[in-house]
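# Tertiary structure, described
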Amino acid sequence: MPTETHGISLDGQGKPLWLSLELTYRCPLKCTWCNNPLDFEDYAAKELSTDEWKQVLRAARELGALQLGFTGGEPMQRQDLEELVAYADGLGFYTNLITSGIGLSEERLLALKAAGLKQIQLSLQSTRADMTDALVGARAHALKLEAARLIKAHGFPMVLNMPVFRHNIALIGEMIEWAAGLGVEYIEFANIQYYNWALLNRDELMPTLEQVREAERVVNEWRAKLGKSMTIYFVIPDYYEGRPKACMNGWGAIHLTVAPDGVAMPCQEARVIPGLEFESVRERSLAWIWHESPLFRKYRGLDWLPEPCVSCAEKEKDFGGCRCQALLLTGNAANTDPACSRSPHHHVVQQAVAGVEAPLRFRKPLIKRAAGAVSTAFMEG
Amino acid sequence: MDTAPLPADARPRLSPHYVFRWEESQSAFILLYPEGLIKLNPSAGAILARCDGARTVGTIVADLQAACPAAQAAEIAEGVRAFVDLACDKGWLRAA
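Residues numbered from 1 in each chain as written. Chains lettered and ligands numbered in written order. Predicted model: local features only at pLDDT ≥ 70, side-chain atom pairs only at ≥ 80, totals over all residues. Heavy atoms only, no water.

## Quick notes on the pattern of salt bridges
All names here are of chain A. To be explicit about the condition: We define a salt bridge as a side-chain nitrogen of Lys or Arg found within 4 Å of a carboxyl oxygen belonging to Asp or Glu. To qualify as a helix, a DSSP run of H or I must reach at least 4 residues; to qualify as a strand, a run of E must reach at least 2; elements of each kind are numbered from the N terminus. When a residue's accessible area, from a 1.4 Å probe over protein chains only, is under 20% of the maximum for its type it is buried; when over 50% it is exposed; and in between it is partly exposed.
With the rule as written, the count across this model stands at 28 salt bridges over all chains. Two residues, E82 and R108, come together in a salt bridge whose shortest N-O distance is 2.7 Å. Linking E82 in helix α2 (residues 81–91) with R108 in helix α3 (residues 106–115), this pair joins segments that are 26 residues apart in sequence. Comparing E82 with R108 shows no difference in burial state: the two are buried.

What follows is the structure, encoded as structure tokens:
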């Protein structure tokens, strides 16, 4: 989830304050930076039912969850979304919808409002129709603009989320200008993180350091110009800074994600780590999974940390960084995140950045998120 | 911050899209809003509970003073004004 932890000001005291429900991995778009699993199509038949999701919501509230994001895939694909929002609102959740805007008709928007939905995070990839449509692999731009207009017209607070990569990073200024015209209160430039589809396409998607610095300059210019009327969230991605992110505020600290098939995880990417025992709410109680399961206890707290983290003054700030990134780039999830300049594997990240800078390189086509686009046979068993 | 202090006759109320309520699991008042949540200490909770767009800052001060020993009157007045200004600056409250 790109909206990691900004705004949080209370320590979870062991409670999963932030709940993400991945209602489905179905989606009409084919984004090449999607963070859903490569074998996303296998989940459609295993999705939790409306009643099963309601049970998850009750259990999470009992554990102290407060903020709730309905995400996916595209959550609008679930026809019971309105019913689930109403149920969650009744339990006392602050309900957020994270959507591409596809399927968000005025009728459904009104139903969501009546159900108590508080906020909508809408993704938009560019300010230009041909570019957006090419990036998401569908005629989506016009539908997204219409969704944005409707969201504002019906008085929802809106976070506009622009996933940022090489192809659209130069449009950040244009995007802010467009959003300011629409009255968007909050815009998030989510420098994409490289897992699953995004990792497959990393060499083509990664911007150069120069592009990232220029984007930061543009953002700061707009921040000064717009003042308090718009909050602009932009952070330099971890690959470039030599500092790891405090991923999910620590493993099993405040975040709880439930996948379409009911598997509960400390973050949306955790399934990339082999050897972990994943438990579904269909077999185990959410309370047991959160408090007791080997999965959530594995990297919780600071006791498991390797060197150089153990003797590092910043361990309580970043908790050793991201476990999934450690796995994907060093082969071991228990290593220090290689985004950290003190990691013995930091050269892997430096090489990725250097590879982007190389003037003469062979460009590969982007692999669009689609069933069968890559073989996932190796993931079986 | 650079925001001017609210006058005593301003009627602060919660900003749209903010939810203020008691949360049993935290044994505290909390504030929920897009992208965030805040646990309030008891005095902040008592002040926010009175920011209903009807009461003026002056009324809120008098209200809370009435519930506490007279010796704390000045401290309460100062505390309420400081908190209301901060809450406006952070966007939690708006002056109606």
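## Some remarks on the side chain of T208 of chain A
Just so we agree on the cut-off: Whether two residues touch is decided by their heavy atoms; if any such pair falls within 4.5 Å, the residues are in contact.
Mapping T208 of chain A onto the fold places it in the loop between α8 (202–205) and α9 (209–226). Other than its neighbours up to four places away in sequence, T208 of chain A contacts Y240, V356 and E357 of chain A.

## Considering the packing of aromatic side chains
Residue and element names in this part refer to chain A. Stated precisely, the cut-off is as follows: Stacked, edge-to-face and tilted are the three classes for Phe, Tyr and Trp ring pairs, Trp counted by its six-membered ring, which pair at centre distances within 6.5 Å; planes under 30 degrees apart are stacked, over 60 edge-to-face, the rest tilted. Whether a charge sits over a ring depends on NZ of Lys or CZ of Arg being within 6 Å of the ring centre and within 35 degrees of the ring normal.
One pass over the full model with this rule turns up 11 aromatic pairs over all chains. A ring pair is formed by W251 and Y299, whose centres lie 5.1 Å apart and whose planes are at 85 degrees; its orientation type is edge-to-face. Taken together, the positions of W251 in the loop between α10 (238–241) and β8 (255–258) and Y299 in the loop between α12 (294–298) and α13 (315–318) put the pair 48 residues apart, joining distant regions of the chain. Comparing W251 with Y299, the two get one shared label, buried. Taken together, W251, Y299 and W304 form an aromatic cluster joined through their ring pairs. Stacked on the ring of F93, the Lys or Arg R61 has its end atom at 6.0 Å from the ring centre. One residue, R300, lies across the ring of W290, its end atom 4.9 Å from the ring centre.

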